[in-house]
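Commentary on secondary and tertiary structure
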Amino acid sequence: MPGITNPTCRCRTSKSNELGTIVACTYREIFRFELNRAVAVVLAALLIGFVFPSLALAQQAGDKGATDQQRELEYNEIDREYEALSRELGLIKRVVKVITPAVVHIEASPVRRESLIRGDVQEAGSGVLVKLRGQTYVLTNRHVIKHSSAPNIRIRFSDGNATNPQRIWSDPETDVAVMSLPPGNYATARLGDSSGVEIGEHVLAVGSPFGLSQSVTRGIISAKGRYNLELGSGEVTLQNFLQTDAAINPGNSGGPLINLRAQVVGLNTAIASNSGGNEGIGFSIPIDIAVRIAGDLVERGEVRRGYLGVTLDGLFDERRAKAAGLPRQMGARVKAIYAGSPAENAQLRAEDIIYMFGGTVVEDDDHLISLVQLTEVGRQIPVVVRRDRHDRQVVVVIGDEPAQE
């Protein structure tokens, strides 16, 4: 029989040993198959050990790439939002730049007699340079300089130069003080209209908190018309403060409160604090009032107080207010009217309840007195009264308080 070739094991044989050859080839084939399978298993293990970690690393690299890309997108978004905000931020920086040269640091040493009696130390505060009647003055708080005198007061400017005031005027009832300066070229602040200031409006406080001159803080007007505050020795009886959360600390007194038009709208005066430092409630004299007081002091040496010419009923209470149809205790009840007074000229009557004065709700007698006396003489003020359970509006021309009163 011709030789047979096995295509699987590729061995040549003859008829005599055909069976043995087939058996041998079969075992070799089985061995070779098992060997190939073992090799396959090893290769698979190697693939699992090397390929899969590589795939995992590739996945991690892909995740990291995605994270980096996302962060880059976030940075780009931040850049876009900053560009949108930069105009406002740039405005604040420009306001600070233009106003700080007009803000001064004040050091007031007490006169020797006062120092010995009271044990006072040097008072430090702030001030703002303003134009009054064509001349430059320093506007500040009276409590900053009240125990001192011109030779003992040092006014330090933003450029480091310093001088003494030539003359001092002050008003204890409003805590306003004004000082004249030697002739020179001074940067002055632009004055705003504090009557138009609204709650929520952004403001900056500039001054020397804790002696750190030219410090700037930012906040908003948080309330208006604050009065009946217990300040110092109780001399400040005429109050109509702006309230702000811009940080005000000891040393800020007398410094300006600025709106974002770089205009002075207030004179920083006091804080409400349990610790003696800023707790988010500060008070400023509206600049309209401060400038009017300062102008009277410079021109006349005294302040002209607004005058209505009424006697008020100190017994007016919640029961009487509700009996008059008012929702709560508010307003001031007129008990009598002086002959020839602004109240008589406006046809106000006894028993009228004045509960609106120039757009401001009158809370009580003290509030009405402050509002009237802080109003410029000659100004026309709309007044709403409750008369016979009906409202009536009149216009009062504020008079000049008689000297005897």
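For the structure itself, consult the block above.
Residues numbered from 1 in each chain as written. Predicted model: local features only at pLDDT ≥ 70, side-chain atom pairs only at ≥ 80, totals over all residues. Heavy atoms only, no water.

Take the pairing of strand β22 (residues 380–387) next. For β22, the buried fraction is high: six of the eight residues fall into the buried class. In this structure, strand β20 (residues 353–357) lies alongside β22, joined through four bridges in antiparallel fashion. Bridging across to β22, M356 finds its partner in V384. As defined by bridge partners, β22 adjoins strand β23 (residues 390–397) across eight bridges and the pair is classed as antiparallel. The residue bridging V385 from the neighbouring strand is R392, located in β23. (Buried < 20%, exposed > 50% of the residue type's maximum accessible area, 1.4 Å probe, protein only. Helix = DSSP H or I, 4+ residues; strand = E, 2+ residues; numbered from the N terminus. Pairing = 2+ DSSP bridges.)

Turning our attention to empty space enclosed by the protein. Under the definition given, this model contains two cavities of 30 Å³ or more. Around the largest cavity, the lining residues are T174, L238, Q239, N240, F241, I285, P286, I289 and L374. When the residues that make up the lining of the largest cavity are grouped by side-chain class, the tally is six nonpolar, three polar and no charged. (1 Å grid on protein atoms, 1.4 Å probe; cavity = no way out; pocket = protein on both sides within 12 Å on 5 of 7 lines; lining within 4 Å. Points joined across faces, edges and corners; volume = space filled by probe spheres on them. Nonpolar A, V, L, I, M, F, W, Y, C, P; charged D, E, K, R; others polar.)

This part is about the nonpolar core. In this structure, L139 and V178 are the most contacted members of the largest nonpolar core, which totals 36 residues. Contributing elements (two or more residues each) for this core: α1 (18–99), β4 (123–132), β5 (135–141), β9 (176–180), β11 (202–207), β15 (263–271), β16 (282–286) and α4 (287–300). Of all the elements, α4 adds the most residues to this core, at seven residues. In contact with V178, other than residues within four places in its own chain, are L132, Y137, V138, L139, R167, I168, W169, A294, L297 and V298. (Core = buried A, V, L, I, M, F, W, Y, C linked by side-chain atoms within 4.5 Å. Contact = heavy atoms within 4.5 Å.)

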